[in-house]
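Given next are the chains, with one letter for each unit.
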Amino acid sequence: MTSVLAPPPAGSGLKAVPGVGGVPYIGSTIAVMRNPIGTARKRYAEHGQVSWGWLLGQRTVTVHGPEGAEAVLVNRDKAFASGPAWSYYIGPFFNRGIMLLDFEEHLHHRRIMQQAFTRPRLRAYMDAMAPGIVKGVEAWRPGGGFTVYDHVKQLTLDLAADVFMGVELGDAERARVNGAFIDAVRAGTAYVRFPVPGLRWHRGLQARKVLEEFFYRHLPAKRRDGGDDLFAALCAAESDDGERFTDEDVVNHMIFALMAAHDTTTITLTSMAYHLAKFPEWQERLRDESLALGRAELDYADLDALTGMDMVMKESLRLIAPVPALPRKVVKDTSLLGFHIPAGTIVVVPMLSNHRMADWWPDPDAFDPGRFAPERREDKVHKYAWSPFGGGAHKCIGMYFAGMQVKSILHQVLLRYRWSVPGLYEMPLDTTSLPSPKDGLPVRLDRLEQSR
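The shown structure was predicted, so the numbers you read here are calculated from the model rather than taken from an experiment. (Residues numbered from 1 in each chain as written. Predicted model: local features only at pLDDT ≥ 70, side-chain atom pairs only at ≥ 80, totals over all residues. Heavy atoms only, no water.)

A. Local environment of a negative patch on the surface. Judged by side-chain charge, Asp 127, Asp 228, Glu 297 and Asp 299 come together as a negatively charged surface patch. For Glu 297, the location among the structural elements is in the loop between helix 12 (280-293) and helix 13 (307-319). Classification of Glu 297 by relative accessible area gives partly exposed; the value is 39%. (Patch = residues over 30% accessible without salt bridge, like charges linked within 9 Å, V, L, I, M, F, W, Y side chains within 5 Å. Areas by Shrake-Rupley, 256 points an atom, 1.4 Å probe, with all protein chains shown as cover. Salt bridge = Lys/Arg side-chain N within 4 Å of Asp/Glu carboxyl O. Lys, Arg positive; Asp, Glu negative; His and termini not counted. Charge placed at Lys NZ, Arg CZ, Asp CG, Glu CD. Helix = DSSP H or I, 4+ residues; strand = E, 2+ residues; numbered from the N terminus. Buried < 20%, exposed > 50% of the residue type's maximum accessible area, 1.4 Å probe, protein only.)

Written as structure tokens, this is what we have:
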């Protein structure tokens, strides 16, 4: 039965947000977790661009479409706060990460952090990554049942340890730190949101302690010795007016940055590998593109030349947005597309389903990298039709690093292997946390004779 979130102020001319509350606190949680795209399409058809329902224990307004995404993410009247919304999901595990700060404090931290993502720093990260990528990809064992997600996740975690931390880790400590990141991420969408031993929330809290201990232990040496890694960059970063991060700031930002970097990159590469297995003509096109460069390792200047890879990456990000939804908390009464949104409301921009809206994308479920070709550019229909990295003040600060890492890894894979899936295979997607294949994406991996 349709109900409204809250009546608008008399004489405001605003509409009340419609929706179906369902069972209090639970509402549409299970449906959204199991089938986010189908659930979003149903809600959009029934209620339009703005509707409400219960999600993970909160009254939540969902904003479908690029106009709503722009209004929320650009946030011109500063009514939508990122920190309080994200804190509900991941705050105990990723406390005061850059995405959990707002307004002047966020801009202050972002100005300092930007010094860790300058072009010279990106070049240094790329050079530092190259040996680890070659070593990791070369160690893959060809054959049937090769699980792409598991192998790529291990590779990106190892690269994060090498390139972001710049700390030599033994196998046991590397496994402990990597495991802590996995537990911290999974805790964010726990159904039971208090520390019951053995359950996700409790494991996430324990993981946070492991990560804090690790970074505080290595921080003095990193401040003293420096280096070309992100850890050193954050220790040395300084704004134009001389502001620097405290030790606590560095630890908080490192924990958040490593989570954001390896998880989103893993999801993007897995999605690309799946579509390149399903559409081998695109795999061959990208392989030819990499071979045409004539070098075993990418140079920073090569990144823009990989135009086919860029189109496949963008289309894969459209079909499977690594961050499926962007929540905000309304800090003062405001309006959104003509609807009254009261203070205290949680608003969600669902990127995973927004990228598949038929109103904005022709044949939205089809894999078609040509959408992003210069002569088509279907993403230009609206500035926020394609926005996997968010937008506004909180647009992903590491988006260029992410693209650089994805291309560097895929280049090495293309030069060494060909991979395939059975003709009728469809990747089963687990959307209870960040989207990932339930089966790990098993492929037939074959080594190329001309691999180099």
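Now that the structure is up, let's keep going.
B. Spotlight on the layout of surface pockets. The computed volume of the largest pocket comes to approximately 1,100 Å³. Around the largest pocket sit 40 residues that line it, and Asp 310, Lys 314, Phe 389, Met 399 and Tyr 400 are the ones nearest its centre. The set of elements that each furnish at least two residues to the lining of the largest pocket consists of helix 6 (119-138), helix 13 and helix 15 (399-416). For the lining of the largest pocket, the residue count by class is 21 nonpolar, eight polar and 11 charged. (1 Å grid on protein atoms, 1.4 Å probe; cavity = no way out; pocket = protein on both sides within 12 Å on 5 of 7 lines; lining within 4 Å. Points joined across faces, edges and corners; volume = space filled by probe spheres on them. Nonpolar A, V, L, I, M, F, W, Y, C, P; charged D, E, K, R; others polar.)

C. A look at the packing of aromatic side chains. Within this structure, the stated rule accounts for 14 aromatic pairs. Between Phe 93 and Trp 201 the ring centres are 4.9 Å apart and the planes differ by 80°, which places this aromatic pair in the edge-to-face class. Taken together, the positions of Phe 93 in the loop between helix 4 (82-90) and helix 5 (103-113) and Trp 201 in helix 9 (residues 200-225) put the pair 108 residues apart, joining distant regions of the chain. With a centroid separation of 5.8 Å and an interplanar angle of 65°, the aromatic rings of Phe 372 and Trp 386 are classed as edge-to-face. Here Trp 386 lies in the loop between helix 14 (351-354) and helix 15 and Phe 372 lies in the loop between helix 14 and helix 15, a separation of 14 residues in the sequence. Phe 372 gets classed as buried once you look at its relative accessible area, which sits at 5%. Taking the relative accessible area as the measure of exposure, Trp 386 reaches 17% and is therefore buried. (Phe/Tyr/Trp six-rings, centres within 6.5 Å; stacked < 30°, edge-to-face > 60°.)

It is worth stressing that arrangement in space is one thing and function is another; only the former is reported here.
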